[in-house]
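Structure at a glance
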Amino acid sequence: MSYLTIKDLTVRLKNGAPLLRKVSLSVNAGEVRALVGESGAGKSMIGKAVLGILPRAAQLTGGEILLDGEDLLTLPPKQRRAKIGAKVALIPQDPLTALNPSRRVGPQITDRLVDILGWKRKEAEDRAVELLDEVHIQSPDRVMKSYPHELSGGMRQRILIASAFAAEPKLIIADEPTTALDVTVQKQILKLIREMQERHDTALLFVTHDLGVVSKISQSLTVLYAGKVIEETDVRTFFAAPKHAYSKALLAATPKYTDPDGSLMPVPDNIISAVEQEVAAFDAQLTE
Ligand SMILES: Nc1ncnc2c1ncn2[C@@H]1O[C@H](COP(=O)(O)OP(=O)(O)O)[C@@H](O)[C@H]1O
Ligand SMILES: [Mg+2]
């Protein structure tokens, strides 16, 4: 059963330039789907559209975003915000900017429980300690009283993971959640996200520019280029035989997808020209 279904989502800049071109993708309940693409492809924009936090410069001009079968875009704003707040959570790319530097960690986790579930502060505090324990943080009581700058990047990301899962959302969007971390920490955080996703049986949209992590975390993937879906398949099929020339090049450019230290190589120019032409032809069709 699909929990998140995006159909023909189109987002444009105010001047009409398309950022997302009729994007369709779905994430089943309890499934992990990777959303893959180079920087600027529109991965974060998709996440923002689902969360209802598109930047001011961008406009949603078409399509549907169904959450549990209900189109978010036709809901009145207040109901939409309430539904998203209760059902969807974000694990952000940069754990430092996502935490308020001037507040202790504890209240930043308990806020969600108090605001979304209407829990009492004390109940929420007990649950926050449990959650910190769940994300393998030692001495959670002490960490609750810490300020973000007193903690390492990995610790801060663990806290944001705990916070994302706190109110038992049905869908988590993880937007390049390990990009800002050291390689060794990346592996631990990836493992933790997978572990939490399984335990809580949450649907997960895992955004990444790195095909190397895809095989470790997800069952299916969607490849995006210039805001257009290029390929959409299950992970096994993709790694055995990617269909699109761009996907093949992307895979070939990933040194060894078992080697987390390998850095990405560029996709060859001729492949980029071909995919650019394909996108232009798609745009021309849209405006006909
Ligand atoms: N606040 C913004 N205002 C205008 N354009 C934006 C804004 N944020 C992102 N974009 C543009 O939208 C496109 C997609 O960006 P983004 O979703 O952040 O890419 P990704 O997450 O795949 O790296 C890019 O071309 C980017 O320049
Ligand atoms: Mg991004």
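The following paragraphs examine the structure supplied in this document. (Residues numbered from 1 in each chain as written. Chains lettered and ligands numbered in written order. Predicted model: local features only at pLDDT ≥ 70, side-chain atom pairs only at ≥ 80, totals over all residues. Heavy atoms only, no water.)

1. Points about the sheet that holds strand β2 (residues 18-28)
What counts here: Between any two strands, at least two bridges found by DSSP are needed for them to pair. The secondary structure listing takes helices from DSSP runs of H or I that are at least 4 residues long and strands from runs of E that are at least 2 residues long, numbered from the N terminus.
What the four strands build is an open sheet, ordered β2-β1-β4-β5; its pairing is antiparallel. The open sheet has two free edges, formed respectively by β2 and β5 (70-71), since each of these has just one partner strand. With eight bridges connecting them, strand β1 (residues 2-13) and strand β4 (residues 58-67) associate as antiparallel partners. Looking at β4, one finds that Lys7 is bridged to Glu64.

2. Thoughts on the packing of helix α4 (residues 105-117) against helix α7 (residues 153-166)
Keep this limit in mind: Axis definition: a line fitted to C-alpha atoms, limited for helices to the stretch in contact. Angles are taken between N-to-C directions and run from 0 to 180 degrees. Any angle that is under 35 degrees is reported as roughly parallel, and any over 145 degrees as roughly antiparallel; angles of 65 to 115 degrees are reported as roughly perpendicular and all others as oblique. Helix crossings fall into two classes, left-handed where the near helix is turned counterclockwise from the far one by less than a right angle and right-handed where it is turned clockwise. What makes two residues a contact is simply this: any of their non-hydrogen atoms within 4.5 Å.
Across the interface, α4 lies against α7 with an axial gap of 8 Å and an inter-helix angle of 20°. Judged by the inter-axis angle, α4 sits roughly parallel to α7. In this structure, α4 crosses over α7, and the sense of that crossing is right-handed. For the pair formed by α4 and α7, the contact residues are Val105, Gln108, Ile109, Arg112 and Leu113 on the first element and Ile159, Ser163 and Ala166 on the second.

3. Observations concerning the site of ligand 1
To keep things clear, this is the line we draw: Residues are counted as near a molecule or strand when any one of their heavy atoms sits within 4 Å of it. Two N or O atoms count as a polar contact when they lie within 3.5 Å, although within protein this holds only if one can serve as hydrogen donor and the other as acceptor, and sequence-adjacent residues are included solely when both atoms are side-chain atoms. What sets the accessible areas is the Shrake-Rupley method with a 1.4 Å probe; for residues, cover comes only from the shown protein chains. Side-chain classes are defined by residue name, with Ala, Val, Leu, Ile, Met, Phe, Trp, Tyr, Cys and Pro counting as nonpolar, Asp, Glu, Lys and Arg as charged, and the others, Gly among them, as polar.
Leu13, Leu19, Glu38, Ser39, Gly40, Ala41, Gly42, Lys43, Ser44, Met45, Pro55 and Ala57 make up every residue found near ligand 1. Within the contact set of ligand 1, an oxygen atom lies 3.2 Å away from a backbone nitrogen or oxygen of Ala41. Protein contacts shield 62% of the accessible area of ligand 1, which totals 570 Å² for the unbound molecule. For the shell around ligand 1, the element with the highest residue contribution is helix α1 (residues 43-51), accounting for three residues. Classifying every residue of the shell around ligand 1 by side-chain character gives six nonpolar, four polar and two charged.

4. What about the side chain of Glu176?
For Glu176, the location among the structural elements is in the loop between β7 (171-175) and α8 (183-200). In this structure the side chain of Glu176 is engaged in a polar contact, spanning 3.0 Å, whose partner is the side chain of Thr179. Each residue touching Glu176, except ones within four places of it in the same chain, is listed here: Lys43, Gln93, Val207, Thr208 and His209.

5. Topic: the pairing of β2
Side-chain direction in a regular strand flips from residue to residue, so the side chains alternate between the two faces of the sheet. In the sheet, β1 pairs with β2 via seven bridges, with the strands oriented antiparallel. Bridge pairing in β2 links Val11 to Leu20. Between the antiparallel neighbours β1 and β2 lie four residues, among them Gly16 with a positive phi of about 100°.

Limitation: the analysis is restricted to geometry and does not speak to function.
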